[in-house]
Amino acid sequence: MLPGLRAIVGAPQVLTGAQTAGYSVDWTGRFRGEAAAVVRPADTEQVAAVLRLCTEAGVPVVPQGGNTGLVGGGVPLHGELVLSLTRLNRLGQADPDSRQVTAGAGVTLAQAAAADPDLDLGIRIGSQDSATVGGAIATNAGGTRVLRHGPMRAQLRGVEAVLADGSVVEHLSGPVKDNTGYDYGSLLAGSEGTLAVLTRARLQLVPRAAQLCTVLAGLSGPAEVHDMAQRAVREVPGLLSAEYFTQTGLDILTSRAGLARPLPRPAPAYLLLEADGPAALADLAELTGEAMVAVGETAAERSRLWACRDRLPEAAAFFGTPIKLDVSVPAAQWVRLATSAAQLVAAADPGALVVTFGHVADGNVHVNIVPAGPADGRHEDAVLSFVAGLGGSISAEHGIGALRAPWLGLARSPAEQDLFARIRSALDPAGTLNPHVLPR
Ligand SMILES: Cc1cc2nc3c(=O)[nH]c(=O)nc-3n(C[C@H](O)[C@H](O)[C@H](O)COP(=O)(O)OP(=O)(O)OC[C@H]3O[C@@H](n4cnc5c(N)ncnc54)[C@H](O)[C@@H]3O)c2cc1C
């Protein structure tokens, strides 16, 4: 097998043994495996040849981009071969008429966002500098601008992908209106590397924000956060982001990560709002009224406020390896979710640390837990069953991956799971791609 792989990509691009360590553990440190080998193809043809060889030899493959995924889907938990796509890093020139660009799967989101000085990528996530276009499509990444531009799937105008048998499909010309059969780009968005390997994507870009204003409000609790965020969506036309967090996470960042306190007094809950345009400051000032706020207009002021939100994924990790849950509920249930999440975990594991934050306008809450008791599924059971009971999603952004799979039945019926399995076996009958991600 190794000689065949070396013949395709060149010997230096086939890593084995200790060289594979960085590819075998995820960002949180929770998911750790051992790769049979790491293969780093340079282009679509090499990806196709590697997949053909692996399928013929019955070797399972885990596609990997920036390895910032949070559900263990991009690491070789069962000794798979890692197919690293980071060398597929060609970024085309943005087309000013269509405002689109074609990017290799290994281009980072930050690079794609910088493709044109007047245009921007509609996606903003905290892992922007490492997460790749391929990984963001495969997880249908969300982030802090979904309320304005939608998730990664909404940025897609076409894809190039390689199926497990090595066949290449390509549809990259990018017309906005295109009803010529199945939209397989949409199907691959959120498929977590189980249906095909993405090699290129045609992305819709958006006008670059020119007059950003950021406001952080300290509020009385989730109900006031929700109410103000709902009003912001209706009353602030330039609104880009509405982010929620609590004093627990902020205290950790100020005491452990050296962040300055953003407001004169602590508050039970915070809402970070960002808007663009000449009226952004006035609109946000009118919305927040008498609330305790900090305003960021310059880039330095804004990034000081954003640090309080962007660094929250690191907060729980100061105390141990976190379980990262990522759930969403219908808007009317968001306050119940935000007020109950920590209580549900406390009932299951009284000594656990819980840090919550999220994208309030999308009904999304990230629940980061450092267990005190055994990490035996009790934390997931408590939160995910509650969310399912509210009609929500047990994975809003991060995907199902390897370890959320046992709870998929809370969110998807047997008939839906059967459809998933049929799609999967049609595209990858040998079961080469990410066999341990999503139930087969
Ligand atoms: C600090 C931090 C903040 C984050 N914030 C957010 C956030 O706000 N919103 C959000 O949605 N996510 C967030 N994430 C999660 C993560 O960054 C995203 O899921 C991201 O899209 C993963 O991209 P990646 O290139 O790192 O993919 P990887 O981690 O390498 O892979 C993720 C999944 O995609 C598959 N995959 C990767 N590349 C390909 C490909 N080319 N073809 C087919 N399958 C592929 C893998 O097999 C795996 O199942 C955050 C992560 C961190 C560490």
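Residues numbered from 1 in each chain as written. Predicted model: local features only at pLDDT ≥ 70, side-chain atom pairs only at ≥ 80, totals over all residues. Heavy atoms only, no water.

With respect to the site of the ligand
Then, in step 1: Near the ligand there are 36 residues, and of these Pro63, Thr68, Gly69, Ser127 and Thr132 occur at the shortest range.
Then, in step 2: Here an oxygen atom of the ligand sits 3.2 Å away from a polar atom, N or O, in the main chain of Gly73.
Then, in step 3: In this structure, Asn434 approaches the ligand through a side-chain N or O atom, which is 3.0 Å from an oxygen atom.
Then, in step 4: Protein chains bury 96% of the 970 Å² of accessible surface belonging to the ligand in isolation.
Then, in step 5: Of all the elements in the fold, those that place two or more residues in the shell around the ligand are β3 (61-64), α4 (133-138) and β9 (197-207).
Then, in step 6: In terms of residues, the shell around the ligand owes the most to one element, α4, which gives 4 residues.
Then, in step 7: Within the shell around the ligand, the residues separate by chemical class into 14 nonpolar, 20 polar and 2 charged. (Near = heavy atom within 4 Å. Polar contact = N/O pair within 3.5 Å; in protein donor to acceptor, adjacent residues only side chain to side chain. Areas by Shrake-Rupley, 256 points an atom, 1.4 Å probe, with all protein chains shown as cover. Helix = DSSP H or I, 4+ residues; strand = E, 2+ residues; numbered from the N terminus. Nonpolar A, V, L, I, M, F, W, Y, C, P; charged D, E, K, R; others polar.)

Focus: the domain arrangement of the protein chain
Then, in step 1: Structurally, the protein chain comprises domain 1 (2-84), domain 2 (100-207), domain 3 (212-313) and domain 4 (319-415).
Then, in step 2: Contacts between domain 3 and domain 4 engage 20 residues on the former and 18 residues on the latter.
Then, in step 3: Interface area for domain 3 against domain 4, summed over the two sides, is near 1,500 Å², with a carbon-plus-sulfur share of 69%.
Then, in step 4: Looking only at domain 3, the three residues that lose the most surface to domain 4 are Pro222, His226 and Tyr244, adding up to 34% of its buried area. (Domains from an automatic or database assignment. Contact = heavy atoms within 4.5 Å. Buried area = accessible area lost by both parts, 1.4 Å probe.)

Focus: the sheet that holds β3
Then, in step 1: Spatial ordering of the open sheet is given by β1-β2-β4-β3, a layout of 4 strands whose pairing is mixed. Here the strands that pair on one side only, and so sit at the sheet edges, are β1 (14-15) and β3.
Then, in step 2: Here strand β2 (residues 38-39) pairs with strand β4 (residues 81-84) via 2 bridges, running parallel. Paired with Val39 across the strands is Leu83, a residue of β4. (Pairing = 2+ DSSP bridges.)

Looking at the packing of aromatic side chains
Then, in step 1: One pass over the full model with this rule turns up 2 aromatic pairs.
Then, in step 2: Judged by centre distance (5.1 Å) and plane angle (15°), the ring pair of Phe245 and Tyr270 falls under stacked. Taken together, the residues Phe245 in strand β11 (residues 239-246) and Tyr270 in strand β12 (residues 269-276) connect sequence positions 25 residues apart.
Then, in step 3: With a relative accessible area of 1%, Tyr270 lands in the buried category. (Phe/Tyr/Trp six-rings, centres within 6.5 Å; stacked < 30°, edge-to-face > 60°. Buried < 20%, exposed > 50% of the residue type's maximum accessible area, 1.4 Å probe, protein only.)

Thoughts on empty space enclosed by the protein
Then, in step 1: Inspection of the entire model under this criterion finds 3 cavities of 30 Å³ or more.
Then, in step 2: Quantified by volume, the largest cavity comes out at close to 40 Å³.
Then, in step 3: Every residue lining the largest cavity is listed: Val62, Gly72, Val75, Leu77, His78, Glu80, Ala402, Asn434, His436 and Val437.
Then, in step 4: Split into classes, the residues belonging to the lining of the largest cavity amount to 5 nonpolar, 4 polar and 1 charged. (1 Å grid on protein atoms, 1.4 Å probe; cavity = no way out; pocket = protein on both sides within 12 Å on 5 of 7 lines; lining within 4 Å. Points joined across faces, edges and corners; volume = space filled by probe spheres on them.)

Describing the pattern of salt bridges
Then, in step 1: Scanning the model with the defined rule gives 15 salt bridges in all.
Then, in step 2: Its salt-bridge partner being Arg208, residue Asp120 comes within 3.9 Å of it at the nearest N-O pair. With a gap of 88 residues between them, Asp120 in strand β6 (residues 119-121) and Arg208 in the loop between β9 and β10 (212-219) connect regions that are remote in the sequence.
Then, in step 3: The residue Glu416 makes a salt bridge to Arg412 at a minimum N-O spacing of 2.8 Å.
Then, in step 4: The exposure class of Glu416 is partly exposed, given its relative accessible area of 31%.
Then, in step 5: Look at Arg412 and you get partly exposed, because its relative accessible area is 35%.
Then, in step 6: Through salt bridges with shared partners, a single network forms among Asp120, Arg124, Arg145, Arg208, Glu274 and Arg302. (Salt bridge = Lys/Arg side-chain N within 4 Å of Asp/Glu carboxyl O.)

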